[in-house]
Amino acid sequence: AALTRRAAPQEDGYEMQCRWCGMGGDLVGCDGCISSYCEECIKSNLGKKHLDCVKKNDDWQCYSCDPSPTAELRWEAVQVTHRCFAPPAAVPQITS
């Protein structure tokens with residue numbers, strides 16, 4: 001079950017830090033792997049409504065096991081990356 005816990009001890013098998021921010025805090029553990037995500041990052045990235053659903057879910061799969069909730073965020077990141085690293089437009093040559 002998706003349990004909320006504060007800086008879980010290593011003995012429980014889950015990571016002790018959030019996969020996104022690297023901090024501890026109120027972590028939610030994946031039921032499919034050892035990944036943990038903090039409630040603040042989930043809320044900041046996907047909204048309070050999504051966080052509430054995660055906390056109620058008895059078989060929560062993290063964003064590595066089921067990346068579908070982050071599809072829009074990943075698409076936006078790709079678009080920003082392309083804009084930032086696109087080659088400059090060709091500069092027209094002035095001929096006389």
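Residues numbered from 1 in each chain as written. Predicted model: local features only at pLDDT ≥ 70, side-chain atom pairs only at ≥ 80, totals over all residues. Heavy atoms only, no water.

K.L.:
Tell me about the packing of aromatic side chains, residues and numbers included.
P.N.:
Tallied over the full model, the rule gives five aromatic pairs. Seen from their ring centres, W20 and Y63 are 5.0 Å apart, and the 10° between their planes marks the pair as stacked. Taken together, the residues span a long stretch of sequence, with W20 in the loop between β1 (4–6) and β2 (26–29) and Y63 in the loop between α2 (48–56) and α3 (71–85) at a distance of 43 residues. By relative accessible area, which is 33% here, W20 ends up partly exposed. (Phe/Tyr/Trp six-rings, centres within 6.5 Å; stacked < 30°, edge-to-face > 60°. Helix = DSSP H or I, 4+ residues; strand = E, 2+ residues; numbered from the N terminus. Buried < 20%, exposed > 50% of the residue type's maximum accessible area, 1.4 Å probe, protein only.)

K.L.:
Describe helix α1 (residues 39–46), naming the residues involved and giving the relevant values.
P.N.:
When we look at burial in α1, the residues that qualify are E39, C41 and I42. Taken end-on, α1 shows its buried residues confined to a sector of 165°, consistent with a single buried face. (Arc of directions from axis to C-beta.)

K.L.:
Kindly report on the pairing of β2, identifying the contributing residues and their values.
P.N.:
As paired strands, β2 and strand β3 (residues 36–38) are joined by three bridges and run antiparallel to one another. Bridge pairing links V28 to Y37 in β3. Following β2, the chain reverses through six residues before pairing antiparallel with β3. (Pairing = 2+ DSSP bridges.)

K.L.:
Can you explain the packing of α1 against α2? Please cite residues and give values.
P.N.:
Packing of α1 against α2 leaves a shortest axis separation of 7 Å and a crossing angle of 135°. Relative to α2, α1 is oriented oblique. The residues of α2 that touch α1, namely those facing E39, I42, K43 and L46, are K48, H50, L51, V54 and K55. Residue classes in the contact of α1 with α2 are distributed as four nonpolar, one polar and four charged. (Axes fitted to C-alpha atoms, helices over the stretch in contact; angles between N-to-C directions. Parallel < 35°, antiparallel > 145°, perpendicular 65-115°, else oblique. Contact = heavy atoms within 4.5 Å. Nonpolar A, V, L, I, M, F, W, Y, C, P; charged D, E, K, R; others polar.)

Taken by themselves, the reported measurements are silent on function.
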